[in-house]
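# Structure at a glance
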Amino acid sequence: MSAACFKAWVHGRVQGVGFRYSTQAEARTLGVLGYARNLDDGSVEVLAWGEAEQVDALIAWLKAGGPRSARVEKVLVEPHQPAEPPRDFTTG
């Protein structure tokens, strides 16, 4: 297994439009673990951990705009090393 982990910060109209729940559904479909949570600045932080190919697919989905109701303006991504792998994909 070639595990990869990234944190992404999604900016735009991404709160109050079902973005976290759509991200959770997409992540679970892809077999990616982690979380999506709202931040105080109006962005959404996403932690994605799993097979590199599936994590890349989730990041591409985020960059493509996520759910139809959202308007993604930019996605910042950086590698992340979690203390321990997540056990599920949650919305917090």
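Residues numbered from 1 in each chain as written. Predicted model: local features only at pLDDT ≥ 70, side-chain atom pairs only at ≥ 80, totals over all residues. Heavy atoms only, no water.

## What about the pairing of strand 1 (residues 3-13)?
- One ladder, built from 8 bridges, connects strand 1 with strand 3 (residues 44-51); its direction is antiparallel. The residue of strand 3 that forms the bridge with Phe-6 is Ala-48.
- Where strand 1 meets strand 4 (residues 71-79), 8 bridges bridge the pair, whose relative direction is antiparallel. From the neighbouring strand, Phe-6 faces strand 4, where its bridge partner is Pro-79. (Pairing = 2+ DSSP bridges. Helix = DSSP H or I, 4+ residues; strand = E, 2+ residues; numbered from the N terminus.)

## Remarks on the UniProt feature "domain: Acylphosphatase-like" (unreviewed entry) in the protein
- Following the UniProt record, one finds the feature "domain: Acylphosphatase-like" (unreviewed entry) at residues 5-92.
- Between the end C-alpha atoms of residues 5-92 there is a gap of 18 Å, over a span that is 27% helix and 40% strand. (UniProt positions renumbered as here; feature names shortened; annotations may be inferred.)

## Quick look at the side chain of Ser-43
- Take Ser-43: it is sitting in the loop between strand 2 (33-38) and strand 3.
- If near-sequence neighbours (up to four positions away) are discounted, Ser-43 is found in contact with Val-10, His-11, Val-14, Gln-15, Arg-37 and Asn-38. (Contact = heavy atoms within 4.5 Å.)

## Considering the environment of Phe-6
- For Phe-6, the location among the structural elements is in strand 1.
- With a relative accessible area of 22%, Phe-6 lands in the partly exposed category.
- C-alpha separation for the pair Phe-6 and Leu-47, spaced 41 residues apart in sequence, amounts to 5.9 Å. (Buried < 20%, exposed > 50% of the residue type's maximum accessible area, 1.4 Å probe, protein only.)

## Some words on the sheet that holds strand 1
- One open sheet accounts for 5 strands, arranged 4-1-3-2-5; its pairing is mixed. Each edge of the sheet is formed by a strand with only one pairing partner; in this case those strands are strand 4 and strand 5 (89-91). Sheet twist, expressed as the average angle between the axes of neighbouring strands with direction ignored, equals 15°.
- In terms of strand pairing, strand 2 meets strand 5 through 3 bridges, oriented parallel. Paired with Tyr-35 across the two strands is Thr-90, which belongs to strand 5.
- Relative to the sheet, helix 1 (residues 19-30) contacts strand 1, strand 2, strand 3, strand 4 and strand 5, its axis offset from that of strand 5 by approximately 175°.
- Against the sheet, helix 2 (residues 52-63) makes contact with strand 1, strand 3, strand 4 and strand 5, and its axis sits at roughly 155° relative to strand 3, the strand it touches most. (Axes fitted to C-alpha atoms, helices over the stretch in contact; angles between N-to-C directions.)

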